[in-house]
Structure formats: C-alpha cells, structure tokens
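Tertiary structure, described
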Amino acid sequence: PNNANIYATLGLALLDNDRKSQEGAHALEKSLAINPSQQRLRIALANRHLAVNQPEHAIAQLQTAHNHTPDDIYIQQSYYKTLAQLNEYELLKTAIETFTAKNPTDYRGDFFQGWYELQLKDNKSALQSFLRSLEKAGAGDKHLPYSGIAQAHLTSGDATKSLAAWQKAIDANPNFAAAYG
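Cut-offs and rules
- Residues numbered from 1 in each chain as written.
- Predicted model: local features only at pLDDT ≥ 70, side-chain atom pairs only at ≥ 80, totals over all residues.
- Heavy atoms only, no water.
- Helix = DSSP H or I, 4+ residues; strand = E, 2+ residues; numbered from the N terminus.
- Buried < 20%, exposed > 50% of the residue type's maximum accessible area, 1.4 Å probe, protein only.
- Contact = heavy atoms within 4.5 Å.
- Areas by Shrake-Rupley, 256 points an atom, 1.4 Å probe, with all protein chains shown as cover.
- Lys, Arg positive; Asp, Glu negative; His and termini not counted.
- Charge placed at Lys NZ, Arg CZ, Asp CG, Glu CD.

Considerations on the overall build of the chain
- Summing up its helical and strand segments, the chain has ten helices and zero strands in all.
- Ordered by position from N to C terminus, the α and β elements of the chain give α-α-α-α-α-α-α-α-α-α.
- Referenced to the eigenvectors of the C-alpha coordinate spread, the extents of the chain come out at roughly 55 × 35 × 30 Å.
- Expressed as a percentage of the 181 residues in the chain, the buried residues total 42%.
- Within the chain, residue pairs in contact and separated by at least 24 positions form 42% of the contacts whose partners lie at least 6 positions apart.
- In the structure as shown, the chain presents an accessible area of about 10000 Å², 51% of it carried by carbon and sulfur atoms.
- Charged side chains of the chain number 17 positive and 18 negative; the gap between the two group centres comes to 1 Å.

Structure below.
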C-alpha cells in the first residue's frame, strides 16, 4: 500500500523494537517520500542514525526537519539537544543565533540561548537569557522560561530559588509537570 501513515506506523514500531532497524528506517523514509510534511519522523531516523554510530546523518536529518518546520519546538529541541550531546557547540551556537536573528521577538531564542549557556556552565548568563525569554513569552509559554530559571538556580546551588521557579512553571502550565512524571 502506498499509505504514508501505514509506513510511518510500521517504521516507528520497528524502531521501537530495535533502535538499529534498517527496515524501520526504510519504512519511515518511504512515509516521508509520500508525505514530506511529517517532519517529526526525522527525529526517529536521527535516533536510528545515532544508534548505528552515524552522527553526521543524525544531524542532517534534524537539520532538514528544522529547516522545513522552524516553528516546531519539539523538532527544534531535538535538534539542539542532539548537537549538544555530540559536542557540536559551534553548530549549536550558530543555529540558535540564526533562529534569534530571524525571530528577535520570539521567546525561544533567549530560552535556547540560556540552555546553551547552561551547557557551557555559564549560569549567570543563562539566568539573564531565561529572564529575557520570560519577558517575551506569552502566557501559554511561560513555563519553559521558568523551567530554565529553575535549572539555572539549581546548577548555581540555590535549591530554594529553583523550587520557587519550578512552582511558577507548574502554575503557568499544570500539564508541564506531567512531562516529568
């Protein structure tokens, strides 16, 4: 059958069973060929490439997904996290700077800048970036900057301020805590 959903489901199931499944990757590639709008499937392909020690292919998959859907925060987070895990900090810095330059009023630019600074152990700069992100975030997005603020306080050794920021994150979006449950 020439059905993108069937290929996507098959590919995801095969890769869930075996992270290195070539058959699973092939099914996802077929699905994307039929329906290229399913860019989140590239995250699963990237994870497969990481599992078979092909980091350059993983990065390429995530770059493609991010380029096709730059407003998808899930893809953006997966891409940036993978770059950090692979110690590709220059690529990560460039990606964040490019996003921020194109979207200067979007809270995510400062949020990801803060996250990047946390990776570099620059807690003071990270906290300032998260605070700028909080100023730009809409009511439905404030939980993310608050989570960054909490992390910055925690890595600085201030558990009390961290806990207060986590509480604000949960108050801003009660479903946010479920992601950690």
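On we go from here.
Things to note about the side chain of Asp110
- Secondary-structure assignment places Asp110 in helix α7 (residues 107-119).
- When its relative accessible area of 8% is taken as the criterion, Asp110 is described as buried.
- Not counting residues within four places of it along the chain, the set of residues in contact with Asp110 comprises Ser129, Phe130, Arg132, Ser133 and Lys136.

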